[in-house]
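Spelled out from the first residue to the last, the chains are:
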Amino acid sequence: MKAATQATSRDALASIQDKLPYTRRRVLAYIRECGAHGATCDEVEIALEPPISHQTCSARFTELRNAGQIIATEHRRKTRSGRGACVHTAKVNVQMEMFS
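All values derive from a computational prediction rather than experimental measurement.

Here is what the cut-offs are and how they apply
- Residues numbered from 1 in each chain as written.
- Predicted model: local features only at pLDDT ≥ 70, side-chain atom pairs only at ≥ 80, totals over all residues.
- Heavy atoms only, no water.
- Helix = DSSP H or I, 4+ residues; strand = E, 2+ residues; numbered from the N terminus.
- Buried < 20%, exposed > 50% of the residue type's maximum accessible area, 1.4 Å probe, protein only.
- Contact = heavy atoms within 4.5 Å.
- Areas by Shrake-Rupley, 256 points an atom, 1.4 Å probe, with all protein chains shown as cover.
- Axes fitted to C-alpha atoms, helices over the stretch in contact; angles between N-to-C directions.
- Parallel < 35°, antiparallel > 145°, perpendicular 65-115°, else oblique.
- Nonpolar A, V, L, I, M, F, W, Y, C, P; charged D, E, K, R; others polar.
- Core = buried A, V, L, I, M, F, W, Y, C linked by side-chain atoms within 4.5 Å.
- Pairing = 2+ DSSP bridges.
- 1 Å grid on protein atoms, 1.4 Å probe; cavity = no way out; pocket = protein on both sides within 12 Å on 5 of 7 lines; lining within 4 Å.
- Points joined across faces, edges and corners; volume = space filled by probe spheres on them.

S.K.: Would you take a moment to explain the overall build of the protein for this structure?
M.R.: Of regular secondary structure, the protein possesses four helices and two strands. The linear arrangement of helices and strands in the protein, starting from the amino end, is α-α-α-α-β-β. Looking at the protein residue by residue over its 100 residues, the buried ones come to 33%. Looking at the protein alone, contacts between residues at least 24 apart form 52% of all its contacts between residues at least 6 apart. As presented, the protein carries roughly 6,400 Å² of accessible surface, and 55% of it is formed by carbon and sulfur atoms.

In structure tokens form, the structure reads like this:
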């Protein structure tokens, strides 16, 4: 990555850093509300009010998956664009406080 691109990425992250825990909690709370039905990233993007961008939602899914908070299932559902997307469910008995 070129230096200017890296600097831009760092600046973008710094501009939203204080909102990340709140957004992670919102995404996880919605997936928990869905229960065993789970949710795709696309479904979460449009369900939250106000809606969040795909880039923001996708990054929070990755963080939650890496932290063991959500689990990718074998199920897929169509997105708004008609493509298949992985359905995720919340891991049971997970502490949300770690994202405060």
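S.K.: Please clarify how unusual backbone geometry should be interpreted in this entry.
M.R.: Most peptide bonds take the trans configuration, and most residues that are not glycine carry a negative phi. Cis geometry marks the peptide bond from Glu49 to Pro50, where omega comes out at 0°. You can see Pro50 is positioned in the loop between helix H3 (41–47) and helix H4 (54–66).

S.K.: Help me out: how do you make sense of the packing of helix H2 (residues 20–33) against H4 in this one?
M.R.: Between two packed helices, both the angle of their axes relative to each other and the distance between the axes serve to describe the pair. For the pair H2 and H4, the least separation of the axes is 10 Å and the interaxial angle reads 80°. As summarised for this structure, H2 and H4 are arranged roughly perpendicular, according to the angle between their axes. Counting all contacts with H2, which are made through Leu20, Thr23, Arg24, Val27, Leu28 and Ile31, the residues of H4 involved are Thr56, Arg60, Phe61, Glu63 and Leu64. Split by residue class, the contact of H2 with H4 holds six nonpolar, two polar and three charged.

S.K.: Can you walk me through the nonpolar core in this structure?
M.R.: Nonpolar side chains tend to gather and get buried jointly when the protein is soluble and globular. Ranked by size, the top nonpolar core spans 14 residues in total, and within it Val27, Ile31, Val44, Cys57, Phe61 and Ile70 carry the most contacts. Of all the secondary structure elements, the ones that give two or more residues to this core are H2, H3 and H4. Those residues in contact with Val44 that lie beyond four places of it in its chain are Val27, Tyr30, Ile31, Ala39, Cys57 and Phe61.

S.K.: I'm lost on the pairing of strand S2 (residues 84–90) in this one. Help?
M.R.: On a regular strand, each side chain points to the face opposite its neighbour's, so the side chains alternate between the two faces of the sheet. In terms of burial, S2 is a largely internal element, five of the seven residues being buried. Two elements, strand S1 (residues 70–78) and S2, share six bridges in a ladder whose sense is antiparallel. Opposite Ile70, over in S2, you have Ala90 as the bridge partner.

S.K.: Can you help me understand the layout of surface pockets in this one?
M.R.: Any empty space left between the atoms is revealed when a probe the size of a water molecule rolls over them. Counted as a void, the largest pocket has a volume near 160 Å³. Here the element with the most residues in the lining of the largest pocket is H4; it accounts for five residues. Looking at the lining of the largest pocket residue by residue, the class counts come to four nonpolar, five polar and three charged.

S.K.: How should the environment of Glu33 be read in this particular structure?
M.R.: Its place among the elements puts Glu33 in helix H2. Considered as a pair, Glu33 and Thr89 are 56 residues apart in the sequence and their alpha carbons are 9.6 Å apart.

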